[in-house]
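Overview (structure and organization)
The lines below spell out each chain.
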Amino acid sequence: MARIGLLASILSLALYVPVVSQADEAAESTLQIKNAIRKSLPLIETASAGSARERKCFTCHNQALAVLVLDEARQRGFTIDQSNFQLQVDHTRNHLKRGLENYRAGKGQGGGPDTASYALWTLEIAGQTPDEVTKAVTGYLLERDKNHTHWNRNSTRPPSMSSDTNTSYFVIRALQTYGSESQQSEITTRIAKTRQWLLDLKPASTEERAFQLRCFQLLSIDDTIHQTSVNELLKLQNADGGWSQLPEMQSDAYATGTVLVALLRSHLVNADHGAIRKGIQYLIDTQQQDGSWQVISHAKPFQTYFETGFPYGKDQFISVTASSWATVALLLTLPKVD
C-alpha cells in the first residue's frame, strides 16, 4: 500500500502544471513594457540634447520625435528631463523664427515642407499657441505644391521620408492646428484635393500604408475605408511579430513602431489585440541592452555627419527615429495617469 501511495504521489507531481492567470500574464507584460521604456528614454534624451548642442538647425529625428516620446512618457508617469524637453521646444521655435522672412516670401527653409510641418508638429505637442511665426509657416505650406494633388516630400531618405503620405500627413496636421482664420478657405480646398489623392492611392510600401492610415484618421474618412486600411496593415505582419519596410525585407523597429502607432491611434485596434501583443513583444525582444533599436540606413547622406551620443555611427539617425517610434508604440499600450 505504501508503494502504491508513493507512486500516486509521484504521478500527481508529474501531472501538476502551475496555473498562470491572465492577470499575472498582463502584469508581467506591463512590467516588460515599462522596463523597455525606462531603458530607451535616457538614450533619446541624450541624442536630442546632443543634436541641439551640435547643430542650430531643427531635425525631425532628434527634436520632433524626442518631444513626442517625452510628452507621451510624462503623461504616463515616467520621469523625464523637463529642462531638456523645453530645450528641444525652444530649439525648434528658434529655428523657425530664423526663417521667418523666408517663410513670408514663400521660400521656406532647408527640408522644405517636411521640416516646416514636423517643426509645427513639435510645437503642437508642446502646446504652442498660434503666432506670427506659425502663420508664416502655414502660409508657406499652402503655397508649396499648389498645383499638385498633395504635398511632395522634399527628398527621398528611406524609410522615414520615402513616401508623400508621410509629408502630406504632417502638412495636413500643421494646417489643421495652426492655419489662421484668413487661410481656412484655401486650407479646405487643398486638403480636399489631398483627401481624394489618398483615397485613390494604392500603397507600395509599409511606410506609405501606415501614413495613409494616419491621414485617414485626420480626415475622418468613412469607417469602412478606415477599417480596410487597418486590415491591410495587419496582413503585413511577419511571423516574428514585426513589420518590414518592404515585403522582401526583414522586420525592423522603424516599420514595426510606425505601424503599431498608426494602428493604436486608429482606435479600431486596442492594445489587447493579438497582432498588437505580438508586435510589442517583437520590440521588447529586439531591443538592445543599452535601450536602443538598430536600423540600417538606406539613405544617401547629404549633410555633414555629427555625433549626438546615440549609438551606431552613421546609422544613428534612422536608429534614433526607429527607437523613438518603438518607444511611442510601447507607451501607447499604457494608460495615462491623472
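First things first, this report covers the structure right here in the doc.

Basis of the calculations
- Residues numbered from 1 in each chain as written.
- Predicted model: local features only at pLDDT ≥ 70, side-chain atom pairs only at ≥ 80, totals over all residues.
- Heavy atoms only, no water.
- Helix = DSSP H or I, 4+ residues; strand = E, 2+ residues; numbered from the N terminus.
- Contact = heavy atoms within 4.5 Å.
- Areas by Shrake-Rupley, 256 points an atom, 1.4 Å probe, with all protein chains shown as cover.
- Lys, Arg positive; Asp, Glu negative; His and termini not counted.
- Charge placed at Lys NZ, Arg CZ, Asp CG, Glu CD.
- Salt bridge = Lys/Arg side-chain N within 4 Å of Asp/Glu carboxyl O.
- Buried < 20%, exposed > 50% of the residue type's maximum accessible area, 1.4 Å probe, protein only.
- Expected span 1.5 Å × (residues − 1).
- Axes fitted to C-alpha atoms, helices over the stretch in contact; angles between N-to-C directions.
- Left-handed = near helix turned anticlockwise from the far one by under 90°.
- Nonpolar A, V, L, I, M, F, W, Y, C, P; charged D, E, K, R; others polar.
- Phe/Tyr/Trp six-rings, centres within 6.5 Å; stacked < 30°, edge-to-face > 60°.
- Disulfide = S-S within 2.5 Å.
- Parallel < 35°, antiparallel > 145°, perpendicular 65-115°, else oblique.

**Description of the overall build of the chain**
- Of regular secondary structure, the chain possesses 14 helices and 2 strands.
- For the chain, the proportion of contacts with a sequence separation of at least 24, taken over those separated by at least 6, is 71%.
- Of the accessible surface of the chain, which amounts to about 16000 Å², a share of 52% is contributed by carbon and sulfur atoms.
- Across the chain, the mean location of the 33 positive side-chain charges is 3 Å away from that of the 34 negative side-chain charges.

**Comments concerning the pattern of salt bridges**
- If you walk through the whole model with that rule in mind, you get 13 salt bridges.
- One salt bridge in this structure joins aspartate 71 and arginine 74, with 3.3 Å as the shortest N-O distance. Of this pair, aspartate 71 and arginine 74 both sit in helix α3 (residues 60-74), separated by 3 residues, roughly a single helical turn.
- You can call arginine 74 partly exposed: its relative accessible area is 29%.
- One salt-bridge network, held together by shared partners, links Glu72, Arg76 and Arg265.

**Here's the deal with the side chain of arginine 190**
- The residue arginine 190 is located in helix α9 (residues 184-200) in this model.
- Despite being buried, arginine 190 has no salt bridge partner; glutamate 186 is the closest side chain of opposite charge, sitting 5.2 Å away.
- Not counting the four nearest positions on each side in its chain, arginine 190 is found in contact with Leu141, Leu142, Glu143, Arg144, Asp145, Lys146 and Trp151.

**A short note on the side chain of threonine 115**
- Here threonine 115 shows up in helix α6 (residues 112-125).
- Other than its neighbours up to four places away in sequence, threonine 115 contacts Phe58, His95 and Gly110.

**Overview of α3**
- Between its first and last C-alpha atoms α3 spans 20 Å; for 15 residues at 1.5 Å apiece the expected length is 21 Å, and the two agree.
- Judged by how many residues are buried, α3 sits mostly within the fold: 14 of 15 residues are covered.

**Thoughts on helix α14 (residues 316-331)**
- The end-to-end C-alpha distance of α14 is 22 Å, a good match for the 22 Å that 16 residues give at a rise of 1.5 Å each.
- Counted residue by residue, α14 has 16 buried out of 16 residues, so it is predominantly covered.

**Overview of the environment of alanine 116**
- When you line up the elements, alanine 116 lands in helix α6.
- If sequence neighbours within four positions are ignored, alanine 116 has contacts with Tyr103, Val137, Tyr140 and Leu141.

**Here we look at the packing of helix α12 (residues 253-266) against α14**
- One can describe the packing of α12 onto α14 by two numbers: an axis separation of 8 Å at closest approach and a directional angle of 35°. Regarding α12 and α14, the two cross each other, and that crossing is left-handed. Taken together, the residues of α14 that come into contact with α12 (itself represented by Ala253, Tyr254, Gly257, Thr258, Leu260, Val261 and Leu264) are Ile318, Thr321, Ala322, Trp325, Ala326, Val328 and Ala329.
- Taken together, the residues that form the contact of α12 with α14 break down as 11 nonpolar, 3 polar and no charged.

**Observations regarding the packing of aromatic side chains**
- Summed over all chains, the structure comprises 10 aromatic pairs.
- Consider the rings of tyrosine 118 and tryptophan 121, whose centres lie 5.9 Å apart with planes at 80°: the pair is edge-to-face. Of the two residues, tyrosine 118 and tryptophan 121 are both situated in helix α6; the distance of 3 residues between them amounts to about one turn of the helix.
- Through a chain of ring-to-ring contacts, the aromatic side chains of Tyr118, Trp121, Tyr169, Phe170, Phe211 and Trp325 assemble into a single cluster.

**Regarding the state of the cysteines**
- Taken as a whole, this structure holds 0 disulfides when the rule is applied.
- Cysteine 57 supplies the cysteine sulfur nearest to cysteine 60, a cysteine that is in no disulfide, at a spacing of 10.0 Å.
- Under the relative-accessibility criterion, cysteine 60 is labelled buried at 13%.
- Unpaired in this structure, cysteine 215 has its nearest cysteine sulfur neighbour in cysteine 60, at a distance of 16 Å.
- Judged by its relative accessible area of 0%, cysteine 215 falls in the buried class.

**Comments concerning the packing of α3 against α6**
- Interhelical geometry of α3 versus α6 gives an angle of 25° and a closest axis separation of 9 Å. Classified by the angle between their axes, α3 and α6 sit roughly parallel to one another. In the packing of α3 onto α6, the handedness of the crossing is left-handed. Contacts between α3 and α6 involve Cys60, Gln63, Ala64, Leu65, Val67, Leu68 and Asp71 on the former and, on the latter, Asp114, Tyr118, Trp121, Thr122 and Ile125.
- Of the residues that constitute the contact of α3 with α6, the class distribution is 8 nonpolar, 2 polar and 2 charged.

**Topic: unusual backbone geometry**
- Located in the positive-phi region is serine 220, a residue other than glycine, with phi close to 50°.
- Mapped onto the secondary structure, serine 220 falls in the loop between α10 (206-219) and α11 (223-235).
- With a phi close to 65°, histidine 267 is a non-glycine residue in the positive phi region.
- Residue classification places histidine 267 among the exposed residues on the basis of a relative accessible area of 70%.

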